[in-house]
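Each chain, written out:
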Amino acid sequence: MADSPVTRATLLMRLRDANDYEAWEDFLRDYGPMLYRFVRSRGLQDADAADIVQDVFRRVGMAIGKLEYDKEKGGFRAWLFTITRNRLYTYFEKQKRSAGNTANDTAQLELLTQAADERNELAEQWELEHLRTLAASAMKTIEESSDPKTWSAFRMTAVEGRSAADAAEELSMTTGAIYVAKSRVTARLRAEIKKIQTDEGDF
């Protein structure tokens, strides 16, 4: 699970030590891409999105020592969502006051002012990015432990959308073997994602 994107309790505890560079590298690796994609999905340019992600990490570093887990209030991911949401709100509020204010800025600000626990596009996008991160981690784990030919059969048909016949010809396999390989890898991916979610627990 060294490359897992999940929030591990031990990692969070280690983040309380600002000098634990290894823990912070793991945290940035696991959450950086997810945060960046989420912020960009709000319509921000690359530089602005990068600035907000950096600001979110800085605020996590400042507040992680005071974080107390409360199942009823949600776990670490919910806490991180709140910080990110607040940074976005500040950004769009400044945009609203500027001369370059756009319709998207106004729409995003309205979305961000909705109740934090309300299910909306913002919360759904956050969960989607989390699921993408889980899937990417699971795929990396399964690929590393799979027979290269079996993985190629899966990748070509399930990821690239190529036909089983096309994959069979390129990999010198039967069409039936391609279907079997795809089915087995898919089952392993589902199990791996479930395992990651279980490990994630209440955090």
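You'll find the structure just up there.
The following paragraphs examine the structure supplied in this document. Given the structure is predicted, the values throughout are model-derived calculations rather than measurements.

## Some details on the packing of helix H2 (residues 21–40) against helix H4 (residues 76–97)
Point 1. Direction vectors running N to C along H2 and H4 enclose 45°, while the axes themselves pass 12 Å from each other. Classified by the angle between their axes, H2 and H4 sit oblique to one another. Along this stretch, H2 crosses H4, giving a crossing that reads as right-handed. The segment H2 lies against H4, with Phe-27, Tyr-31, Met-34, Leu-35, Phe-38 and Val-39 engaging Phe-76, Arg-77, Leu-80, Phe-81, Thr-84 and Leu-88.
Point 2. Per-class residue counts for the contact of H2 with H4 are 10 nonpolar, one polar and one charged.

## Side note on the nonpolar core
Point 1. Counting 33 residues, the largest nonpolar core has Phe-27, Val-60 and Phe-76 as the members making the most contacts within it.
Point 2. Contributing elements (two or more residues each) for this core: helix H1 (9–15), H2, helix H3 (46–63), H4, helix H5 (103–112) and helix H6 (121–144).

## Digging into the environment of Leu-109
Point 1. The topology assignment puts Leu-109 in helix H5.
Point 2. As for Leu-109 and Lys-96, which are separated by 13 residues in sequence, their C-alpha atoms are 8.2 Å apart.
Point 3. Apart from the residues within four sequence positions on either side, Leu-109 is in contact with Tyr-89, Phe-92, Glu-93 and Lys-96.

## A few points about the pattern of salt bridges
Point 1. Applying the stated criterion across every chain, the model contains 15 salt bridges.
Point 2. For the salt bridge of Arg-59 with Asp-55, the shortest nitrogen-to-oxygen distance reads 3.3 Å. Separated by four residues within a single helix, Arg-59 and Asp-55 lie in helix H3, roughly one turn from each other.
Point 3. The exposure class assigned to Arg-59 is partly exposed, which follows from its relative accessible area of 29%.
Point 4. Taking the relative accessible area as the measure of exposure, Asp-55 reaches 17% and is therefore buried.
Point 5. Taken together, the shared-partner salt bridges in this structure form one network comprising Arg-155, Glu-160, Arg-162, Asp-166 and Glu-170.

What counts, and where the lines are drawn
- Residues numbered from 1 in each chain as written.
- Predicted model: local features only at pLDDT ≥ 70, side-chain atom pairs only at ≥ 80, totals over all residues.
- Heavy atoms only, no water.
- Axes fitted to C-alpha atoms, helices over the stretch in contact; angles between N-to-C directions.
- Helix = DSSP H or I, 4+ residues; strand = E, 2+ residues; numbered from the N terminus.
- Parallel < 35°, antiparallel > 145°, perpendicular 65-115°, else oblique.
- Left-handed = near helix turned anticlockwise from the far one by under 90°.
- Contact = heavy atoms within 4.5 Å.
- Nonpolar A, V, L, I, M, F, W, Y, C, P; charged D, E, K, R; others polar.
- Core = buried A, V, L, I, M, F, W, Y, C linked by side-chain atoms within 4.5 Å.
- Buried < 20%, exposed > 50% of the residue type's maximum accessible area, 1.4 Å probe, protein only.
- Salt bridge = Lys/Arg side-chain N within 4 Å of Asp/Glu carboxyl O.

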